[in-house]
Amino acid sequence: YAMGLITSCAHEKGILSEAQERDLEAETWQILNIQVKRQSQIMEYGDPLNNFLEMFKTWITQGKVRLEDKDGLPDRIMGGITGEFLGHYDDFHFYLFPPALWNYLQRYCISQGEHFPFSKHTFYKMLKDRKLIETDKDRSTKTEWLNGKSQKVLKIIRQGIYTEKAVISVMDGANAYQ
């Protein structure tokens, strides 16, 4: 309603044409509807990033996914030995392959009868905006040297996300805590 008053006044003063007035009002309603939809998704599903972080911790704890040591140490993995390989880790970061992470996230949500409420680009932007990932300039990914190869990854800052340091030794199959 307020935008209608503003555009009407601008039209009367000759600042906007009638067509510009209609276009601006239509664009305003479109933006408001998008924001209402996003807000309702957040209210319905909670904070998507918090939900993702909880899912990620669960995947690791339950051994559904596997992260290998950044430096390629063969006897150190995080998660399950047979879990789906999503990337690497060190004491400070998770280095996740974007396609593998996104595909696993989508399959997991579908298996739970849910859907992740945002596109992958919006999801990556949210991670970046909340400073949960380190990036290369204007990208969501970062190029890192992992296990002898240069690779583009989502470099997730580990502090506060997954503080447990459970590492499974492939050699003896026993849980070891660093």
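Residues numbered from 1 in each chain as written. Predicted model: local features only at pLDDT ≥ 70, side-chain atom pairs only at ≥ 80, totals over all residues. Heavy atoms only, no water.

(A) Summary view of the confidence of the model for the protein. Predicted confidence across the protein gives a mean pLDDT of 82, with 85% of residues reaching 70 or more. Scored below 50 in pLDDT, residues 164–178 makes 33 contacts in the model with residues more than four places away or belonging to other chains. (pLDDT = per-residue confidence, 0-100. Contact = heavy atoms within 4.5 Å.)

(B) Structural detail: helix H4 (residues 98–111). Spanning 14 residues, H4 covers 20 Å between terminal C-alpha atoms, matching the ideal 20 Å at 1.5 Å per step. Burial in H4 covers these residues: Pro98, Ala100, Leu101, Trp102, Tyr104, Leu105, Tyr108 and Cys109. Among the structural elements, helix H3 (48–61), strand E1 (65–69), strand E3 (84–89), strand E4 (93–96), helix H5 (120–129) and strand E7 (149–157) are those in contact with the buried residues of H4. Two residues or fewer after H4 comes Gly113, characterised by a positive phi angle close to 75 degrees. (Helix = DSSP H or I, 4+ residues; strand = E, 2+ residues; numbered from the N terminus. Expected span 1.5 Å × (residues − 1). Buried < 20%, exposed > 50% of the residue type's maximum accessible area, 1.4 Å probe, protein only.)

(C) View of the nonpolar core. In this structure, Phe52, Trp59 and Phe123 are the most contacted members of the largest nonpolar core, which totals 35 residues. If you list the elements that add at least two residues to this core, you get H3, E1, E3, E4, H4, H5 and E7. If we ignore the near neighbours within four places in the chain, the residues touching Phe52 are Trp59, Leu101, Leu105, Phe116 and Phe123. (Core = buried A, V, L, I, M, F, W, Y, C linked by side-chain atoms within 4.5 Å.)

(D) Molecular detail of the pattern of salt bridges. Inspection of every chain in the model, using the stated rule, returns nine salt bridges. Salt-bridge contacts for Arg22 lead to Glu18; the nearest nitrogen and oxygen are separated by 3.3 Å. Of this pair, Arg22 and Glu18 are both found in helix H2 (residues 18–45), four residues apart, which corresponds to roughly one turn of the helix. The partner of Asp69 in a salt bridge is Arg76, with the nearest N and O atoms 3.4 Å apart. Within this structure, Glu134, Glu144 and Lys155 form a network of salt bridges that share partners. (Salt bridge = Lys/Arg side-chain N within 4 Å of Asp/Glu carboxyl O.)

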